[in-house]
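In case you want the letters, here they are:
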Amino acid sequence: MGKNDPAFIAAGAKAYLKDVPNTEIHLLDSGHFSVEEKPVEIAKYIVNFMDKL
């Protein structure tokens, strides 16, 4: 999630921690289109998450 996203704000992402405590949240220095702005960084988070399973 982009911490500069005007549509999906950081507080909304952090709210998931109440419902799913083991959730990983990474607030990237990007906007609404984080996948286009930070594809390598996001891919690394996905690979690290999958390695833990």
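Within each chain, residues carry numbers counting from 1 in the order of the written sequence. It should be noted that, the model being predicted, local features are given only for residues of pLDDT at least 70 and side-chain atom pairs only at 80 or more, the latter also being counted only at that level, while totals for whole chains, interfaces and linings use all residues. The side-chain values count all of the structure's non-hydrogen atoms but skip hydrogen atoms and water molecules.

## Here we look at the overall build of the chain
No. 1: For helices the rule is a DSSP run of H or I covering at least 4 residues; for strands it is a run of E covering at least 2, with both sets numbered from the N terminus onward. On a plain count of helices and strands, the chain comes out with three helices and zero strands.
No. 2: Helices (α) and strands (β) of the chain occur, in sequence order from the N terminus, as α-α-α.
No. 3: Expressed along its principal axes, the backbone C-alpha trace of the chain runs to roughly 30 × 30 × 10 Å.
No. 4: Residue exposure (1.4 Å probe, protein chains only): buried if accessible area is under 20% of the type maximum, exposed if over 50%, otherwise partly exposed. A burial count over the chain gives 15% of its 53 residues as buried.
No. 5: Only heavy atoms enter the contact rule, under which two residues are in contact if any of them lie within 4.5 Å. A fraction of 47% describes how many contacts in the chain between residues 6 or more apart in sequence connect residues 24 or more apart.
No. 6: To measure how exposed things are, a 1.4 Å probe is used in the Shrake-Rupley method; for residues, cover is taken only from the protein chains shown. Roughly 4,300 Å² of accessible area belongs to the chain as shown, and the carbon and sulfur atoms make up 61% of that amount.

## Regarding the pattern of salt bridges
No. 1: Basic side-chain nitrogens of Lys or Arg form a salt bridge, by our definition, when they fall within 4 Å of a carboxyl oxygen of Asp or Glu. Tallied over the entire structure, the rule returns one salt bridge.
No. 2: E24 is the salt-bridge partner of K52, the closest N and O atoms lying 2.8 Å from each other. Taken together, the positions of K52 in helix α3 (residues 39-52) and E24 in the loop between α1 (10-19) and α2 (34-37) put the pair 28 residues apart, joining distant regions of the chain.
No. 3: Judged by its relative accessible area of 61%, K52 falls in the exposed class.

## Focus on the side chain of S30
No. 1: Among the secondary structure elements, S30 is positioned in the loop between α1 and α2.
No. 2: On the accessibility criterion, S30 (3% relative accessible area) is buried.
No. 3: Setting aside chain neighbours within four positions, we find S30 in contact with G2, K3, N4, D5, E37 and K38.

## Thoughts on the environment of H26
No. 1: With respect to the helices, strands and loops of the structure, H26 is situated in the loop between α1 and α2.
No. 2: On the basis of relative accessible area, H26 is assigned to the partly exposed category, the value being 28%.
No. 3: Engagement of the side chain of H26 in a polar contact is seen with the side chain of E24, the distance being 3.2 Å. Any pair of nitrogen or oxygen atoms within 3.5 Å is treated as a polar contact; in protein, a donor-acceptor pairing is required on top of that, and neighbouring residues in sequence qualify only through side-chain atoms on both sides.

## Quick notes on the confidence of the model for the chain
No. 1: Model confidence for the chain is summarised by a mean pLDDT of 90, while 100% of its residues fall at 70 or above.
No. 2: Of all secondary-structure elements in the chain, the lowest mean pLDDT belongs to α1, at 88, while α3 reaches the highest, 95. Values of pLDDT, which run from 0 to 100, indicate the predictor's confidence residue by residue.

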